[in-house]
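Given next are the chains, with one letter for each unit.
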Amino acid sequence: MKNSLLTVLLLIIIASHYACKTSQLIQAGRVKKPEAINEFRIKEYFIPGESLITTNNDVLRANIKEAIEEADNDGCNSLFIRPENLIENDPGLLNYAIEKAHSHNLKFYIVTDLLKKSEAIDLQAFHEVKRSLKNRINNYVFNYNIDGLSFEIPPYSEQDSLLGGNELTDLLEDAVVEAMLVKPYLLNTLIHTGESAGDLPKQWLQQGIVDAIITGFGNYETTTGPREHIYPDSLKVNYRFKQVLPQQVVGLNFSAYFDDNAAGKTIYLESEDRTKITDSEGFVGFITQLTDTIRLQTSKGNLAFPTRRWSIPYNYSVMPGNNVTRTSPWVEFRRMPSGYTTNPEYDLLCKTDYPARVSIEGKEVKQYKTGIFFKSIILEEGPNRVRATVVTPDSQKVFYEREFFFEEIDARRSAFPLWIDGASVEPAHDFELLPDDVMRISFKGSLGQEAYITVQPGGPVIRCSREDFEDHSLYRADLPMHDLRTGVKYSLTLKLIPLVEQSGCDPYNLETGKHFTIKELEDFPMVRIKSENTRLTYNLGAPRLGGPIRSELDPGIIFKINGSFGDKYRVRLSRVENGFLDRDDVEILPTGVVQPSYYITSMSCSPSSYADVLSIPYLEPVPWEIHPDPENNRIIINLYGVKTSSTWISHYAGLKIIDRISWEQSTPETYRVYVNLKTKNIWGYDIDVEGPRLVLRLKYPPEYDLEGEKTLAGLKIAIEAGHGGSNTGAIGLSGLLEKDINLDLSLRLGNLLKQMGAAVIQVRDSDTDMSLIEKRDSAISSGADMLISIHANAGGRGYLSVDGTSTYYHNPFWAPLAETIYKRLLEMDLDEFGVVGSFNYTGIRLSEMPSVLVEQAFMSHAEDEEKMADPAFRQQMAEKIYQGILDYLKYLGAVSKVI
């Protein structure tokens, strides 16, 4: 730019809600009509002005004001300025220009040379050229409220330049990364004023290094009058305008990695098949489609960095141990709104080293010892820039700023034209039923209409009930099967009819695409369990930690199917009871196989060396299940398809736990055995099929003495550290991994229990993958007397909402153990979340020993996580769990020995 001219360039960019109103003293942009989104129109014109090196800043301000007002009046949305002379004259002039442009809703762009001619012809090291450019970029990004950067490609001939295409690419990429690691919303464009760069600008655009290119500018010294240029397809943008996104931008500093000077080192990016050169401070930046692992090659060796738990911005230091870390000062956004959102409020979560003085949107907030800090941000319509700032104890300052675009949308759906939400239709799958079944049909649709269900072919038309909500109604009807013919493949049509006063709108019909058939019971096949640990559920309720499980079954048991629902079979237990099995867990038996059934004539119970034993005839592979009933001091066993034949029961002398056995024929097909106990304070039981018998064993209590020096001597206790290996469990607000604190607490608890004389089984003693069944089987096969499972909770909205400690049990016989541990945990500085029963977690869904799960506290709660991150706190929790175990043993009896 000549000193005697103030040059403004008009750009037509994109028609959308994010149409960029940008500003600079070289160029400006105008909104284009939607039908020509990819067309990039440029208009050049000149405004006479005083020399930029004059000392009369008032004149300069007047000229800046005049240029901006003219650009605004001409419909521009962007202003581009080359700021060097302004800054030299008065740094305040640039801020004045930015503020004035923003007051006219113009976005403001800084134009700078990608490579100064003096740098290209000097014998200056390339790493120093990179640092020089980035120092300029940092000055603009950190100190000025700009909206983007525009890099000018100089029209040097090849012999004038010491840099080739690879070096220019490296230089540009580092500069863009430097800017986006601080303000990733900045729009980075390229001004190409000559042809010497060849195809490089197009390549940079295609590679996603820049967001847009501007080509074909004339010579500023000879340009007279306005000119227009149209460049089709020279601008690649999306609805949010940015092409280069924050998650594609990576900055790595190798200054701590290399033993000698890290400047000028070659870094090879395997996934990109290209090289980068570190700058004078050992930094490289690259823009990539980030995968789960970044793989690099250096002169010192190969590097691989998993990125799954990296947080924005991806600005890390490479350490000698082939890992990465943050280098102070730093700040990261851990949880934030999406770039485009319809939610006006969000709890922004950030993190830095503790301690520091931290603020969000200029307001100082609390920092937790885990390093996190957060604030609820309220977004206004349009773009919102949100900054998090950190000041370290030694007064170093850093910030990170994101832009979030909020569009207020009325999410309520209009009733007209009529509509039905196909995804809401229930049942959502094909089904087969018996003639005496009734099927509930439901769907969501337009608010306040009349709805009908038509069964085709030739079926009835049923009117639906209606329940109204804010913007929709829930329509439901019960469809009895007895009016339909067996063997016919039926389908359902849903219909909405507008109310009379809303006439003029046509009815709406929806074919569900689902089919159903009515069958007689004898037309359904028999199936046999083929998978271990097959789950029989009560109903088709939505699964939560295993779903509504009634029992787990071993292979060989035979069932009669009496219905099917998608990938589930309904199976018959008796005339009044059904269950549900996964299709994949069973095999269809040939036609002619009859349903197993037999008569019971006798049972017996007797003592053994370690348990009371009940033996029940098991002559056919009938379904059976067992239910604990501690309130009545008993265990209940149901056998389906079994009948009595004057049953008599033998009770042998010396029974220690079983009081007596009784039975009843609760239905014509259900034989129920009551195992009445002398006490509900039992130590476990197991039941298995052994040849022609179903054998129940009730364990005798272990020998221990609470008054001894080693209070737990004689006990074997299993501890399960939740999750592990690739299964991290919950991830805390600060990045704390549940699997790690679970294992740490488990080891601490184990050491404490060993000191008190217990034999300890660590189900997971390292960071390894184990399935829940493997964990449960390991605890059972160890012969442990007790199982404690260690976890940490997560859930709720907001970072200070749901908190507290809790314990869980599945078998109600183990409720007292969960309660005694819970009472001890409440002695710590933790809120209550309760004792939770009927918990279906596989790891504690067992009867062989008292088994409970401890949820230390909530990883998703800032204060809870801060506590759990403290090793001293975890040690205290181990002591409380131990005290809770002692309390349980006292509850069972002050001194308990094998009888």
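Just so you know, the residues in each chain are numbered from 1, in the order the chain's sequence is written. Restriction of local features to residues with pLDDT of at least 70 applies here, the model being predicted, together with a cutoff of 80 or more for giving and counting side-chain atom pairs; totals for whole chains, interfaces and linings are based on all residues. Excluding hydrogens and water, the side-chain values take into account all heavy atoms of the structure.

### Focus: the pattern of salt bridges
Just so we agree on the cut-off: A pair is scored as a salt bridge if a Lys or Arg side-chain nitrogen falls within 4 Å of a carboxyl oxygen belonging to Asp or Glu. In this description a helix means any DSSP run of H or I spanning at least four residues, a strand means any run of E spanning at least two, and both kinds are numbered starting from the N terminus. Think of it in three bands: with a 1.4 Å probe and only protein chains considered, a residue is buried below 20% of the maximum accessible area for its type, exposed above 50%, and partly exposed in between.
Going through the model one piece at a time under the given rule, you end up with 49 salt bridges. With its nearest N and O atoms 2.6 Å apart, the salt bridge here joins Glu 69 to Lys 65. With Glu 69 and Lys 65 both in helix H1 (residues 57-73), this residue pair falls 4 residues apart, about one helical turn. On the accessibility criterion, Lys 65 (33% relative accessible area) is partly exposed. Close ionic contact of Glu 361 with Lys 375 constitutes a salt bridge, the shortest N to O distance being 3.2 Å. Taken as a pair, Glu 361 in the loop between strand E21 (357-360) and strand E22 (363-365) and Lys 375 in strand E23 (residues 372-378) lie far apart in primary sequence, 14 residues in all. A single salt-bridge network, built from bridges that share partners, covers Lys 130, Arg 131, Lys 134, Asp 170, Glu 173, Asp 174, Glu 178, Glu 272, Arg 274, Lys 276, Asp 279 and Glu 281.

### Topic: the environment of Gly 843
The topology assignment puts Gly 843 in the loop between strand E56 (832-836) and strand E57 (851-858). What makes Gly 843 buried here is its relative accessible area of 5%.

### Comments concerning the side chain of Asn 188
Selection criterion: Polar contacts here mean pairs of N or O atoms no more than 3.5 Å apart (in protein, one a potential hydrogen donor and the other a potential acceptor; neighbouring residues in sequence count only if both atoms are side-chain atoms). Contacts between residues were defined by any pair of non-hydrogen atoms, one from each residue, lying within 4.5 Å.
With respect to the element layout, Asn 188 can be found in strand E7 (residues 187-192). Here the side chain of Asn 188 touches Leu 186 through a polar contact of 3.3 Å, landing on its backbone oxygen. With sequence-adjacent residues up to four places away left out, Asn 188 is seen in contact with Leu 149, Phe 151, Val 176, Met 180, Val 210, Asp 211, Ala 212 and Lys 242.

### A word on the sheet that holds strand E20 (residues 345-351)
Rules: By this definition, two strands are paired if DSSP reports at least two bridges between them. Orientation is described by lines fitted to C-alpha atoms, with helices fitted over the stretch in contact, and by angles between N-to-C directions that extend from 0 to 180 degrees.
If you walk across this open sheet you meet the 3 strands as E18-E20-E23, and the pairing is antiparallel. In this open sheet, the two strands that pair with only one neighbour each are strand E18 (332-335) and E23. Going across the sheet, the axis of each strand differs from the next one's by a mean of 35 degrees, ignoring polarity. Examined bridge by bridge, E18 and E20 share 3 bridges and lie antiparallel to one another. If you follow Arg 335 over to E20, its bridge partner there is Leu 349.

### Some thoughts on unusual backbone geometry
Cis peptide bonds are those with omega within 30 degrees of zero, and the linkage from Ser 328 to Pro 329 qualifies with 0 degrees. Note that Pro 329 resides in the loop between strand E17 (324-325) and E18. The omega angle of the peptide bond from Phe 416 to Pro 417 is 0 degrees, so this bond is cis rather than trans. Along the chain, the position of Pro 417 falls in the loop between strand E25 (397-406) and strand E26 (420-426). Even without being glycine, Asn 105 reaches a positive phi, approximately 60 degrees. In this fold, Asn 105 is placed in the loop between helix H3 (91-103) and strand E5 (107-113). Taking relative accessible area as the criterion, Asn 105 reaches 55% and is therefore assigned exposed.

### A short note on the confidence of the model for the protein chain
Segments scoring low in pLDDT should not have their predicted coordinates read at a detailed level. The test is simple: The predictor reports its confidence for every residue as pLDDT, a score running from 0 up to 100.
Mean pLDDT over the protein chain: 87, with 86% of residues reaching 70 or higher. Scored below 50 in pLDDT, residues 218-240 shows 57 contacts in the model against residues more than four places distant or in partner chains.

### A short note on the pairing of strand E38 (residues 558-565)
Of all 8 residues making up E38, 8 are buried, and the element is well covered by its neighbours. Relative to E38, strand E27 (residues 431-433) is paired through 2 bridges, and the arrangement is antiparallel. Directly across from Phe 431, in E38, lies its bridge partner Phe 565. Sheet analysis places strand E35 (residues 526-529) next to E38, joined by 3 bridges and oriented antiparallel. Note that in E38 the partner of Met 526 across the bridge is Lys 560. Note: E38 against strand E39 (residues 568-572), 5 bridges, orientation antiparallel. Bridge pairing links Phe 565 to Lys 568 in E39. Two successive antiparallel strands, E38 and E39, enclose a turn made up of 2 residues, where Gly 566 displays a positive phi of approximately 60 degrees.

### Here's the deal with the pairing of strand E14 (residues 293-298)
Relative to E14, strand E11 (residues 266-269) is paired through 2 bridges, and the arrangement is antiparallel. The residue bridging Tyr 268 from the neighbouring strand is Gln 297, located in E14. The pairing of E14 with strand E15 (residues 301-306) spans 6 bridges and is antiparallel. Bridging across to E15, Thr 298 finds its partner in Gly 301. Linking two consecutive strands that pair antiparallel, namely E14 and E15, is a turn of 2 residues.

### Section: helix H8 (residues 738-755)
Our working rule: Helix span is expected to be 1.5 Å times the residue number reduced by one.
A rise of 1.5 Å per residue sets the reference length of H8, with its 18 residues, at 26 Å; its end C-alpha atoms lie 26 Å apart and thus fit the reference within 8%. For H8, every residue scored as buried is listed here: Glu 738, Lys 739, Ile 741, Asn 742, Leu 743, Leu 745, Ser 746, Leu 749, Gly 750, Leu 752 and Leu 753. On its buried side, H8 packs onto strand E52 (716-721), strand E53 (759-762), strand E54 (786-793), E57, helix H11 (862-868) and helix H12 (871-892). A positive backbone phi angle near 100 degrees is found at Gly 757, which sits one or two residues after H8.

### What about the packing of H1 against H3?
Threshold: Any angle that falls under 35 degrees is termed roughly parallel, while one over 145 is termed roughly antiparallel, one within 65 to 115 roughly perpendicular, and all others oblique. Definitions for this section: a left-handed crossing has its near helix turned counterclockwise from the far helix by less than a right angle. A right-handed crossing has that turn clockwise. Residue classes follow a fixed rule: Ala, Val, Leu, Ile, Met, Phe, Trp, Tyr, Cys and Pro count as nonpolar, while Asp, Glu, Lys and Arg count as charged, and any other residue, Gly among them, counts as polar.
Their axes nearest at 10 Å, the elements H1 and H3 cross at an angle of 25 degrees. Between H1 and H3, the angle falls in the class roughly parallel. Helix-helix and strand crossings are classified by hand; for H1 and H3 the assignment is right-handed. Between H1, through Asn 57, Leu 60, Arg 61, Ile 64, Lys 65 and Ile 68, and H3, the contact on the second element is made entirely by Gly 92, Leu 93, Tyr 96, Ala 97, Lys 100 and Ala 101. Residues belonging to the contact of H1 with H3 are distributed by class as follows: 7 nonpolar, 2 polar and 3 charged.

### Things to note about the packing of helix H5 (residues 126-143) against helix H6 (residues 165-180)
H6 packs onto H5 with a crossing angle of 30 degrees between their chain directions and a minimal axis gap of 9 Å. Taken together, the axes of H5 and H6 lie roughly parallel to each other. For the pair H5 and H6, the crossing hand works out as right-handed. Contacts from Phe 126, Val 129, Lys 130, Arg 131, Leu 133, Lys 134, Ile 137, Asn 138 and Val 141 in H5 reach Glu 167, Asp 170, Leu 171, Asp 174, Ala 175, Glu 178 and Ala 179 in H6. Residues of the contact of H5 with H6, tallied by class, amount to 8 nonpolar, 1 polar and 7 charged.

### Considerations on a negative patch on the surface
For clarity, the threshold we go by: Residues enter patches when their relative accessible area tops 30% and they take part in no salt bridge; the joining distance is 9 Å for like charges and 5 Å for the nonpolar side chains Val, Leu, Ile, Met, Phe, Trp and Tyr. Each accessible area is a Shrake-Rupley result for a 1.4 Å probe, and residues are judged covered by the shown protein chains and nothing else. His residues and chain termini do not enter the charge count, which takes Lys and Arg as positive and Asp and Glu as negative. One atom stands in for each charge, and that atom is NZ of Lys, CZ of Arg, CG of Asp or CD of Glu.
A surface patch of like charges, here negative, comprises Glu 532, Asp 554, Asp 688, Glu 774 and Asp 777. Examined against the element boundaries, Asp 688 turns out to sit in strand E49 (residues 685-690).

### Some words on the packing of aromatic side chains
The way to describe two aromatic rings as a pair is by their centre distance and the angle between their planes. Using the following cut-off: The rule is short: rings of Phe, Tyr and Trp, with Trp giving its six-membered ring, pair when the centres are within 6.5 Å, and they are stacked under 30 degrees, edge-to-face over 60, tilted in between. Working rule: Lys NZ or Arg CZ, within 6 Å of ring centre, within 35 degrees of ring normal, means a charge sits over the ring.
Tallying each qualifying case throughout the model produces 23 aromatic pairs. Residues Phe 431 and Phe 516 carry aromatic rings whose centres are separated by 4.8 Å and whose planes lie at 5 degrees to one another, so their mutual orientation is stacked. On the criterion of sequence distance, the pair formed by Phe 431 in strand E27 and Phe 516 in strand E34 (residues 508-518) is long-range, its members being 85 residues apart. Judged by its relative accessible area of 3%, Phe 431 falls in the buried class. Judged by relative accessible area, which is 1%, Phe 516 ranks as buried. Through successive ring pairs, a cluster of aromatic residues spans Phe 431, Tyr 490, Phe 516, Phe 565 and Phe 580. Over the face of the ring belonging to Tyr 96 we find Arg 61, whose NZ or CZ atom lies 4.9 Å from the ring centre.

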